[in-house]
Amino acid sequence: MTPAFKKAEGGLFGEVGKADVGDAVSALKENGIQLMSWADPFYSGSSYPEHVIEAAVRSLRSGEGVHYTMPIGSPELKRELAKFIKEYDGLEVDPMRNLIVTPGSDSGLFFAMLPFIEKGDEVMVIDPSYPNNLQNAEICGGVPVRIPSFAKDCYHPPIEEFEKRLSEKTKMVVLTNPNNPTTTVYRREWLEGLARFIVRNDLVCVADQAFEFPVFDGLEMTAIASLPGMWERTLTVCSLSKGMGLSGFRVGYIIADDRIMDKLHGTAVSVIGATNSAAQAGAIAALKNREFLKAYAAEHLRRRDIAYEALKDIPGTSLLKPESGFLSWIDVSALGSSDEVAAYLMNEAGAAVNSGAFYGEQGEGFLRIVHGTPGSSEELRRVMQRIRAALIKRAREKGIAG
Ligand SMILES: Cc1ncc(COP(=O)(O)O)c(C=O)c1O
């Protein structure tokens, strides 16, 4: 077995600390625990707009959706995606040459890295990070190189931190923008500096934009692929799971220059097979009529505010106001280790949150709380009050005064 697989654990032979692996989730639900460790918007409410459900069902009934689409994705879906990408990312893409549809963006992230990373190649990843970025690099035989980021810099690591870690083996920078878990929407000026570093050193960039909308407080979402010199060296990986709330469809896509895309098209059957046909029909309907996105964005903002109000002034903790999506990232290091405080919240507040340690070396001492679940904002308000009360109690137990 390769080292990455030797190291991997799926929980069959022991306790898995992370609360988002198959059986662990069912067990939590059975015990009446509120799941806030699962980046699945509005889980477990039913959130799909009616016209989207209808289109998916119609595709099955008509017989179209019971067959494969082309492995590289439905041409109609790609045409709709191209319009959406122009509007959201300001990128002009040829739907037939610059896009591939993937079964969710997790597989897209892996596929984007695969052509470029050989044994020993170094992949720069901002820490804390979506954990797949580290594991994907290792599965490809590469070596993740962590670039630490801190709240004091609003999680924008100085570009010198990348420079310092550059070696002959550096091949790629993975940029999760907006970031999971910190929710950081990277500012244009900083991205321009990173882009210059990438171009100067002839690196490839994988830009994970699964959380590209909604972003809050008038912040600008800048696609790094739109910056000078970046188009031809960036694979932008996107998803319909997060802001669009269509996680169960498993539809994502990669945007890239046609010379890169030709390689992805040429290996699509081997690597991804094809994306679910009925889901693609539903995705087309969602993109054609996206009025519902406004309501979703408003709901995510409401939830962000509910969560932030509940967490912002707890003694011994600190957090930045979430900038995007539906996550809160809170420093609880004065109250114990990430694992201890997560376990405490499970017992005291009946809420399963993520231990920050799971997100990298900089994550120890933090918690990730997915405020995009539960099903309604009223439910969220109740559980956030329980979390607040539990953290205040924990602070008192630690002798930290309010
Ligand atoms: C940062 C980030 N990228 C990508 C994904 C993958 O999402 P999906 O496969 O549903 O598109 C996730 C899922 O949690 C994520 O958090």
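### As for the state of the cysteines
Next, step 1: Inspection of the entire model under this criterion finds 0 disulfides.
Next, step 2: Of the cysteine sulfurs around Cys-238, a residue in no disulfide, the closest is that of Cys-205, at 12 Å.

### Brief notes about helix H13 (residues 377-397)
Next, step 1: For H13, with 21 residues, the first-to-last C-alpha span of 30 Å sits near the 30 Å given by 1.5 Å per residue.
Next, step 2: What H13 keeps buried is the set Ser-377, Leu-380, Val-383, Met-384, Ile-387, Ala-390, Leu-391, Arg-394 and Ala-395. Looking straight down H13, one finds its buried side chains confined to an arc of 140°; they lie on one side. In this structure, H13 carries Arg-382 and Arg-396 as exposed residues pointing more than 90 degrees from its buried face.

### Here's the deal with the pairing of strand S6 (residues 204-208)
Next, step 1: Counting buried residues in S6 gives 5 out of 5 residues, a clear majority hidden from the surface.
Next, step 2: Here S6 shows no split at all, with Val-204, Val-206 and Asp-208 on one side and Cys-205 and Ala-207 on the other all buried.
Next, step 3: A crossover links strand S5 (residues 170-176) with its parallel partner S6, the connecting element being helix H8 (residues 188-200), and its sense is right-handed.
Next, step 4: Bridge count between S6 and strand S7 (residues 234-239): 4 bridges; the pairing is parallel.

### Re the nonpolar core
Next, step 1: If you look at the biggest cluster of nonpolar residues, it comprises 31 residues, and the most contacted ones within it are Leu-81, Met-244 and Tyr-253.
Next, step 2: Of all the secondary-structure elements, those providing two or more residues to this core are helix H3 (50-61), helix H4 (75-89), strand S2 (99-102), strand S8 (252-255), helix H10 (277-288) and helix H11 (292-311).
Next, step 3: Domain assignment of the residues forming this core places at least three in each of domain 1 (16-45 + 292-396) and domain 2 (50-288).

### Some words on the environment of Phe-197
Next, step 1: The topology assignment puts Phe-197 in helix H8.
Next, step 2: Residues Phe-197 and Thr-317, spaced 120 residues apart in sequence, show a C-alpha to C-alpha distance of 35 Å.
Next, step 3: Sequence-distant contacts of Phe-197, that is, excluding residues within four places in its chain, are made with Met-124, Ile-159, Phe-162, Glu-163, Leu-166, Val-173 and Leu-203.

### Observations concerning the sheet that holds strand S9 (residues 318-319)
Sheets are built from strands paired through backbone hydrogen bonds, the pairs being either parallel or antiparallel.
Next, step 1: Strand order in the open sheet formed by 5 strands is S1-S11-S12-S10-S9, and the pairing between neighbours is mixed. In the strand order of this sheet, the two ends are held by strand S1 (34-36) and S9, each with one partner.
Next, step 2: Looking at chain direction, strand S11 (residues 351-355) and strand S12 (residues 366-370) are connected through 2 bridges and run antiparallel. Bridging from a neighbouring strand, Ser-355 pairs with Leu-367 of S12.
Next, step 3: Lying on the sheet, H11 is in contact with S9, strand S10 (327-331) and S12; it crosses S10 at an angle near 15°.
Next, step 4: Seen against the sheet, helix H12 (residues 338-349) touches S11 and S12 and runs at an angle of roughly 175° to S11.

### A closer look at the domain arrangement of the protein chain
Next, step 1: With domains assigned, the protein chain is organised as domain 1 (16-45 + 292-396) and domain 2 (50-288).
Next, step 2: Computed from C-alpha coordinates alone, the two centres of domain 1 and domain 2 are separated by 25 Å.
Next, step 3: In this complex, domain 1 contributes 27 residues to the contact, which on the side of domain 2 involves 36 residues.
Next, step 4: Of all residues in domain 1, Glu-323, Tyr-359 and Gln-362 give up the largest surface area on contact with domain 2, accounting jointly for 26% of the area buried on that side.

### Things to note about the pairing of S11
Next, step 1: Buried residues dominate S11, accounting for 5 of its 5 residues.
Next, step 2: Examined bridge by bridge, S1 and S11 share 3 bridges and lie parallel to one another. From the neighbouring strand, Met-36 faces S11, where its bridge partner is Val-353.

### Focus on the site of the ligand
Next, step 1: Surrounding the ligand, one finds 14 residues, the nearest of these being Ser-105, Asp-208, Ser-239, Ser-241 and Lys-242.
Next, step 2: Taking Ser-239, its side chain carries an N or O atom lying 2.6 Å from an oxygen atom of the ligand.
Next, step 3: Contact between the ligand and Arg-250: an oxygen atom at 2.7 Å from a side-chain N or O atom of the residue.
Next, step 4: Relative to its unbound accessible surface of 400 Å², the ligand loses 94% to contact with the protein.
Next, step 5: Considering every element that reaches the shell around the ligand, the biggest residue donor is helix H5 (residues 104-113), with 4 residues.
Next, step 6: In terms of residue class, the shell around the ligand is built from 4 nonpolar, 6 polar and 4 charged.

### Things to note about the side chain of Asn-354
Next, step 1: Along the chain, Asn-354 turns up in strand S11.
Next, step 2: Within the structure, the side chain of Asn-354 is placed 3.4 Å from the backbone oxygen of Ser-37, a separation counted as a polar contact.

The rules behind each value
- In this convention, every chain numbers its residues from 1, walking through the sequence in written order.
- With the structure being a predicted model, the display of local features is reserved for residues of pLDDT at least 70 and the display and counting of side-chain atom pairs for 80 or more, all residues being used for whole-chain, interface and lining totals.
- By convention in this description, side-chain values take in all heavy atoms of the structure and omit both hydrogens and water.
- Note on terminology: disulfide denotes any pair of cysteine sulfur atoms within 2.5 Å.
- Runs of H or I in DSSP of at least four residues are treated as helices and runs of E of at least two as strands, each being numbered from the N terminus.
- For a helix, the expected span equals 1.5 Å multiplied by the residue count minus one.
- Each residue gets one of three labels from its accessible area relative to the maximum for its type: buried under 20%, exposed over 50%, partly exposed in between, using a 1.4 Å probe on protein chains only.
- The arc in question is formed by the directions pointing from the helix axis toward the C-beta atoms.
- Classification remark: right-handed applies to a crossover when, strands pointing away from the viewer, the course from the first strand over the helix to the second runs clockwise.
- Here, a strand pair is defined by DSSP locating no fewer than two bridges between the strands.
- In this text, buried Ala, Val, Leu, Ile, Met, Phe, Trp, Tyr and Cys residues form a nonpolar core when linked through side-chain atoms within 4.5 Å.
- Note that the domain bounds were set by an automatic or database domain assignment.
- Here, residues are in contact when the closest pair of their heavy atoms is within 4.5 Å.
- Note on geometry: axes are lines fitted to C-alpha atoms, helical ones only across the stretch in contact, with angles between N-to-C directions running from 0 to 180 degrees.
- Accessible area, probed at 1.4 Å, shrinks when two parts are joined; the buried area is that loss added up over both.
- Any residue with a heavy atom lying within 4 Å of a molecule or strand is counted as near it.
- Polar contact criterion, stated in full: a pair of N or O atoms within 3.5 Å, where within protein one must be able to donate a hydrogen and the other to accept it, and residues adjacent in sequence count only if both atoms are side-chain atoms.
- Per-residue and other accessible areas follow the Shrake-Rupley method at a 1.4 Å probe size, with only the shown protein chains counted as cover for residues.
- Nonpolar residues are Ala, Val, Leu, Ile, Met, Phe, Trp, Tyr, Cys and Pro. Charged residues are Asp, Glu, Lys and Arg, and all others, Gly as well, are polar.

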